[in-house]
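# Chains, contacts and geometry: an overview
Here are the chains, one letter per residue:
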Amino acid sequence: MVRDDLRVSIPSLFKCPISLDVMNSPVSLCTGVTYDRSSIQRWLDSGHNTCPATMQLLQTKEIVPNHTLKRLIKIWTDSVQTQSNSLTQLEACSLVDEFKLTHYEVDENLFVIVDKLTSFASESTQNRENTKPDSVIEPCLSCLISSLINKRIRIKLVHLGGVEYLGKLLSESDISVSIVEKTMKILEMLTACKEGRKAICENEACLNAIVKNLLKVSTSATEHGVTILWSLCCLFRESKAQAVVVKSNGLTKLLLLMQSNCSHAVRQMSSDMLKMFRVNSKSCLISYETKTTHIMPF
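Residues numbered from 1 in each chain as written. Predicted model: local features only at pLDDT ≥ 70, side-chain atom pairs only at ≥ 80, totals over all residues. Heavy atoms only, no water.

Per an unreviewed UniProt entry, the protein goes by U-box domain-containing protein and derives from Heracleum sosnowskyi. The protein has a UniProt comment under Pathway (unreviewed entry) that states "Protein modification; protein ubiquitination." Per UniProt, the protein carries the Catalytic activity (unreviewed entry) text "S-ubiquitinyl-[E2 ubiquitin-conjugating enzyme]-L-cysteine + [acceptor protein]-L-lysine = [E2 ubiquitin-conjugating enzyme]-L-cysteine + N(6)-ubiquitinyl-[acceptor protein]-L-lysine." (UniProt positions renumbered as here; feature names shortened; annotations may be inferred.)

Written out as structure tokens, the structure reads:
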């Protein structure tokens, strides 16, 4: 799904011969071969007395840190990270075109590329007009919604860092109403599994964004947001979520929801949360600052 020129090619010298991953702590055996410390330590601890790469008998099992290689890996890693954080206009437009012609798969590439496009578009109005990232992001979110019926996919999405990305997306100031609604819907679906609830509760920025979007975007987005908070705070009694709701002035928004024309289910969930928090309406409303004038709390 991702163009070859956007894949990172890892120099073979930086890979551990055992794990084939970039070495975090390169160490050398007496044979001169370098491995990642954790990998070679497991090999030696399991009773082997040979070098895994050469199968030579080891005269000593002493391992020596390879500081030179570690510095080279650090330099390479930093340079790759810097390059990967930006796209040229040509690359961005090309990715948009490619995404429209491919199937969306729930993997790490989905978030990496969409995140790149979102960042590129946020740099300037011209970038946004040229790439129209919503045309990529929205179908990706729709794909996720249809896929998340499967619990295995929900867990996979969490492990791929989906909650962090969705939280960042909700925090963007210029995303469309439809994207906010779909993002909230996905987060609501993730509360159905313990991995999803844990990830959301541990991401304060995501919780803040959920509260912030209540009564701000659309009825649908608000309904999804209230359902998320009710699930975390009332149904599963997640203390971290409860603390963020209080801290982010969420209780006042719940009070305002009780006065709004939202659905009976939303008012009931808001009521459940307010009862749980045993909130005093006057003390809560005093601290609430909003530009919302069409909903009066009194």
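## Some details on the sheet that holds strand β1 (residues 26–28)
Spatially, β2-β1-β3 is the arrangement adopted by the three strands of the open sheet, whose pairing is antiparallel. Each edge of the open sheet is held by one strand with a lone partner, namely β2 (34–36) and β3 (64–65). Alignment of β1 against β2, held across three bridges, turns out to be antiparallel. In the strand pairing of β2, Val 27 is matched with Tyr 35. Strand contacts of helix α1 (residues 37–45): β1, β2 and β3, with the helix running at about 95° to β2, the strand carrying the most contacts. (Pairing = 2+ DSSP bridges. Helix = DSSP H or I, 4+ residues; strand = E, 2+ residues; numbered from the N terminus. Contact = heavy atoms within 4.5 Å. Axes fitted to C-alpha atoms, helices over the stretch in contact; angles between N-to-C directions.)

## What to know about the nonpolar core
In this structure, Leu 187, Leu 190 and Ile 210 are the most contacted members of the largest nonpolar core, which totals 52 residues. Excluding residues that lie within four positions of it along the chain, Leu 187 makes contacts with Leu 166, Leu 170, Ile 200, Cys 206, Ile 210 and Ile 228. One finds Phe 14, Cys 16, Ile 40 and Cys 51 within the second-largest nonpolar core, a separate group that totals 15 residues. (Core = buried A, V, L, I, M, F, W, Y, C linked by side-chain atoms within 4.5 Å. Buried < 20%, exposed > 50% of the residue type's maximum accessible area, 1.4 Å probe, protein only.)

## Some points on the state of the cysteines
Enumeration according to the criterion identifies zero disulfides in this entry. Free cysteine: Cys 201, not disulfide-bonded; nearest cysteine sulfur from Cys 233 at 7.7 Å. Judged by its relative accessible area of 7%, Cys 201 is buried. (Disulfide = S-S within 2.5 Å.)

## Describing the packing of helix α8 (residues 162–171) against helix α11 (residues 204–212)
For any two helices packed against each other, one specifies the inter-axial angle together with the distance between the axes. α11 packs onto α8 with a crossing angle of 40° between their chain directions and a minimal axis gap of 8 Å. Considering the angle they form, α8 stands oblique to α11. Remark: the crossing between α8 and α11 carries left-handed chirality. Along the contact surface, α8 presents Val 163, Gly 167, Leu 170 and Ser 171, while α11 presents Ala 205, Cys 206, Ala 209 and Ile 210. (Parallel < 35°, antiparallel > 145°, perpendicular 65-115°, else oblique. Left-handed = near helix turned anticlockwise from the far one by under 90°.)

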